Amino acid sequence: MKINRIKGIPWQHLALISLALPVQAEQALFELQIKDHLFHPSVLYVPAGEKIKLLVLNQDPSPEEFESFSLNREKVILGNGKATLFIGPLQPGRYHFFGEYNPDSAQGVLIALPEAQWQQRRADNAN
Amino acid sequence: MRFSPSVLYAACGALMLLVSGHSLADGRVVDKVYHPYVQALERSVEYRYFYQRQADHPDNNTMGQKLGYGFSVAERAALEIYLIADRVSPEDYKLSGYELELRWMLTEQGQYSADWGLLFELERQNNQDNFEFTTGLLMEKEFGPTSLTLNALAVYEWGKTIETEWEGEFRAQYRYRLLPAVQPAIELYVGENYKGAGPSLMGVHKFDKQKQLKWEFAVIMAIDNDTVDRTLRFALEYEF
């Protein structure tokens, strides 16, 4: 293959990309199940301010898509399949999500709690 | 499928070496800014349009249209096939070529500090036996309610009526996710004989279940003297 010349674009533009090379830290794992086109739990509490890993298990034979504009996530989970979503760090607040294949039934909300409330909730659940 | 950071470092480094130098492009530089994501079971039809205007510029009144059909071929890979029609003044509109495109999602969204994908495109120009192969990295990084998307592409052209050459292209989009239907952005394009930037607006409207229409509109203005003054870009994508 003959290459007569190489042309390109300024280094400055590509340098932007190098600022975002992969870095990964350990994340807390949360689980969400889909059964009969419903999310279980339909209200999920997570800590604000840290990235979390959300394992979504689809127990229905048909596919479902986890979708949330406020979380900026969409992910298809095949029938009887599973998928992992990486979410956050989130500001404290409520984040609505739904199943795009069954939006009338598959609805849920993820609630990101500030540090103090999250620790209180963990302590309450431990007792 | 997992990718170690070293693989991505190497790919990024190789691409930077490939496209480093000074830019000059004869293809369409203003086009879609690609996101590095693929959804399993996705299917779509897509229409893209661009129009360039500057009275005393050789690219004045140039129009291009692309009609595509895309579908996922794996959980992280999607193919799209396009028909391309161009009008280069003073000639009339004509079907100018075909294109096959493969998008490959390398990392899960949010898994690392940025999300990564790869793009491969092969275009054949009708009746001229000219070809263009494009490949490159797609990157997106989330900053709260905004997203920065970067495409660094290397283009290899060869054929009977064009000079065999490598070119580099860079596209950037900084988008504010205001509402699903209304997301303002700014876009930047750098390529052969083209350096432009301008505002854009995009959004998505859901119809029923997984049926939705995505739209994009941008007005890109020249930021140097070689570039045609104004380029208008418009795209519609129906997913089902």
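As shown above, the structure is provided for reference.
Residues numbered from 1 in each chain as written. Chains lettered and ligands numbered in written order. Predicted model: local features only at pLDDT ≥ 70, side-chain atom pairs only at ≥ 80, totals over all residues. Heavy atoms only, no water.

Draft legend 1. Fine view of the overall build of chain A. When helices and strands are tallied, chain A shows 2 helices and 9 strands. Mapped in sequence order, the helices and strands of chain A form the string α-β-β-β-β-β-β-β-β-β-α. Taken across its 127 residues, chain A has 44% of its residues classed as buried. Counting contacts in chain A only where the partners sit at least 6 residues apart, residues at least 24 apart contribute 57% of the total. Accessible surface, chain A: about 6600 Å² in total, of which carbon and sulfur atoms supply 52%. (Helix = DSSP H or I, 4+ residues; strand = E, 2+ residues; numbered from the N terminus. Buried < 20%, exposed > 50% of the residue type's maximum accessible area, 1.4 Å probe, protein only. Contact = heavy atoms within 4.5 Å. Areas by Shrake-Rupley, 256 points an atom, 1.4 Å probe, with all protein chains shown as cover.)

Draft legend 2. Region of interest: the overall build of chain B. In terms of helices and strands, chain B carries 1 helix and 12 strands. In sequence order, chain B lays out its α and β elements as α-β-β-β-β-β-β-β-β-β-β-β-β. Sorting the 240 residues of chain B into buried and exposed places 53% on the buried side. For chain B, restricting intrachain contacts to residue pairs at least 6 apart in sequence, the fraction spanning at least 24 positions comes to 49%. When the accessible surface of chain B is totalled, it reaches about 10500 Å², and 62% of it is carbon and sulfur.

Draft legend 3. Representation of the nonpolar core in the model. Membership of the largest hydrophobic core comes to 26 residues, with the highest contact counts inside it found for A:Leu32, A:Val46, A:Leu54, A:Phe66, A:Ile87, A:Leu90 and A:Leu110. Among the elements that make up this core, the one with the highest residue count is strand E9 (residues 107-113) of chain A (5 residues). The contacts of A:Ile87, once residues within four sequence positions are left out, are A:Glu50, A:Lys51, A:Ile52, A:Leu54, A:Leu71, A:Arg73 and A:Leu110. Within the second largest apolar cluster, 11 residues are counted, among which are B:Leu118, B:Leu150, B:Ala172 and B:Val190. (Core = buried A, V, L, I, M, F, W, Y, C linked by side-chain atoms within 4.5 Å.)

Draft legend 4. Local environment of the sheet that holds strand E5 (residues 64-68) of chain A. Residues and elements named next belong to chain A. The mixed open sheet is built from 5 strands, whose spatial order is E3-E9-E8-E5-E6. If you trace the sheet from one side to the other, it starts and ends with strand E3 (43-47) and strand E6 (73-77), each paired once. Taking each pair of neighbouring strands and ignoring which way they run, the sheet shows an average axis angle of 20°. Pairing between E5 and strand E8 (residues 93-99): 2 bridges, direction antiparallel. Bridge pairing in E8 places Glu67 opposite Phe98. (Pairing = 2+ DSSP bridges. Axes fitted to C-alpha atoms, helices over the stretch in contact; angles between N-to-C directions.)

Draft legend 5. Looking closely at the side chain of B:Arg103. Residue and element names in this part refer to chain B. Mapped onto the elements, Arg103 comes out in strand E4 (residues 94-105). A polar contact is formed between the side chain of Arg103 and the side chain of Glu42, at a distance of 2.8 Å. If we skip the residues at most four places from it in the chain, Arg103 touches Tyr34, Tyr37, Val38, Glu42, Arg76, Ala77, Ala78, Leu118 and Leu119. (Polar contact = N/O pair within 3.5 Å; in protein donor to acceptor, adjacent residues only side chain to side chain.)

Draft legend 6. Quick peek at a nonpolar patch on the surface. Residues B:Tyr176, B:Leu178, B:Leu179, B:Val182 and B:Leu201 make up a contiguous nonpolar surface patch of roughly 400 Å² in combined accessible area. Tracing the chain through its elements places B:Leu179 in the loop between strand E8 (165-176) and strand E9 (183-191). (Patch = residues over 30% accessible without salt bridge, like charges linked within 9 Å, V, L, I, M, F, W, Y side chains within 5 Å. Salt bridge = Lys/Arg side-chain N within 4 Å of Asp/Glu carboxyl O.)

Draft legend 7. Local environment of the environment of B:Tyr238. Residues and elements named next belong to chain B. Its place among the elements puts Tyr238 in strand E12 (residues 230-239). With 169 residues separating them in the primary sequence, Tyr238 and Tyr69 have C-alpha atoms 9.7 Å apart. Tyr238 has contacts with Arg43, Ser44, Val45, Phe207, Lys211, Gln212 and Leu213, leaving out every residue within four places of it along the chain.

Draft legend 8. Region of interest: unusual backbone geometry. Residues and elements named next belong to chain A. Between His40 and Pro41 the backbone carries a cis peptide bond, its omega angle lying at -5°. Structurally, Pro41 is set in the loop between strand E2 (38-40) and E3. Here Gly88 and Pro89 are connected by a cis peptide whose omega angle stands at 5°. Tracing the backbone shows Pro89 in the loop between strand E7 (82-87) and E8. With a phi close to 55°, Asn80 is a non-glycine residue in the positive phi region.

Draft legend 9. Region of the structure containing the pattern of salt bridges. Using the criterion set out here, one finds 23 salt bridges over all chains in the structure. Notably, a salt bridge pairs A:Lys75 with B:Glu108, separated by 2.8 Å at the nearest N-O pair. Taken together, the residues A:Lys75 in strand E6 and B:Glu108 in the loop between E4 and strand E5 (115-125) connect one chain to another. As far as the burial class goes, A:Lys75 and B:Glu108 line up, both buried. Taken together, the shared-partner salt bridges in this structure form one network comprising B:Asp31, B:Lys32, B:Glu42, B:Glu46, B:Arg48, B:Lys66, B:Glu99, B:Glu101, B:Arg103 and B:Glu237.

Draft legend 10. Expanded view of the pairing of strand E4 (residues 52-58) of chain A. Residue and element names in this part refer to chain A. By the criterion of burial, E4 is predominantly enclosed, with 6 of the 7 residues buried. Of the strand pairs in this sheet, strand E1 (residues 28-35) and E4 are connected by 7 bridges, and their pairing is parallel. Its bridge partner lying in E4, Ile34 is registered against Asn58. Note: E4 against E7, 6 bridges, orientation antiparallel. Each bridged residue has a counterpart across the sheet, and for Val56 the counterpart in E7 is Ala83.

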